[in-house]
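Breakdown of the fold
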Amino acid sequence: MLRDNRLCKAIIGLSVEELKNLAAEFSACYLIYRKKNRKDHERQMGAGQKGFIPTPLDKLLFILLYLKCYPTYDLQGLLFGLDRTRVCRWVKILLPVLEMTLGRECVLPARQIRSAEEFFRAFPGVKDVFIDGTERPVQKPKNLRRQKKCIRERKDRPLEKGLL
């Protein structure tokens, strides 16, 4: 466990005391979540394969580190000794538990914003938006059908004029 306040804040964004307080509530919420989402099993509680993230505190550290640093599943798996598919499963399990613990939904970045209206709904305080409209060259596809789909009038780019 993290014992140094400076290191704890740097890694997960909480002090050791805040982590301990959150860990107790997180543990209770994790048990509630598991009971609610548990499928009917014939074996008894405690039987079967043990989880790869052993304690509720380790699970809390796992999800807090994921949210603060947003590492790839491969890196998170390396840090916790898991396969990347197992990391993905744990994130999907532990994120709702953390949301339940905090009593609010965690806001993660949207993957795509498709229109200006959607952008302004997501960010109501924004008044001005600057867009980088620099055109970048795209390699021509080798597939003839894709070439025809992507054909555009080629513009002379200042950097290419003097190269050849």
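Refer to the preceding data block for the structure.
Parameters at a glance
- Residues numbered from 1 in each chain as written.
- Predicted model: local features only at pLDDT ≥ 70, side-chain atom pairs only at ≥ 80, totals over all residues.
- Heavy atoms only, no water.
- Helix = DSSP H or I, 4+ residues; strand = E, 2+ residues; numbered from the N terminus.
- Buried < 20%, exposed > 50% of the residue type's maximum accessible area, 1.4 Å probe, protein only.
- Contact = heavy atoms within 4.5 Å.
- Areas by Shrake-Rupley, 256 points an atom, 1.4 Å probe, with all protein chains shown as cover.
- Phe/Tyr/Trp six-rings, centres within 6.5 Å; stacked < 30°, edge-to-face > 60°.

Our focus in this paragraph is the overall build of the protein chain. A tally of helices and strands in the protein chain yields eight helices and zero strands. Listing each helix as α and each strand as β along the protein chain from the N terminus yields α-α-α-α-α-α-α-α. Here the protein chain holds 164 residues, and 23% of them are scored as buried. For the protein chain, long-range pairs separated by at least 24 residues make up 56% of all intrachain contacts whose partners lie at least 6 apart in sequence. Approximately 13,800 Å² of the protein chain is accessible, and the part contributed by carbon and sulfur atoms is 53%.

All right, on to the packing of aromatic side chains then. Throughout the structure, instances matching the rule amount to five aromatic pairs. Centroid distance F119 to F123: 5.1 Å. Interplanar angle 45°. Geometry classified as tilted. What makes F119 partly exposed here is its relative accessible area of 23%. Residue class for F123 comes out partly exposed when judged on its relative accessible area of 40%. Taken together through their ring pairs, the aromatic side chains of Y66, Y70 and Y73 make up a single cluster.

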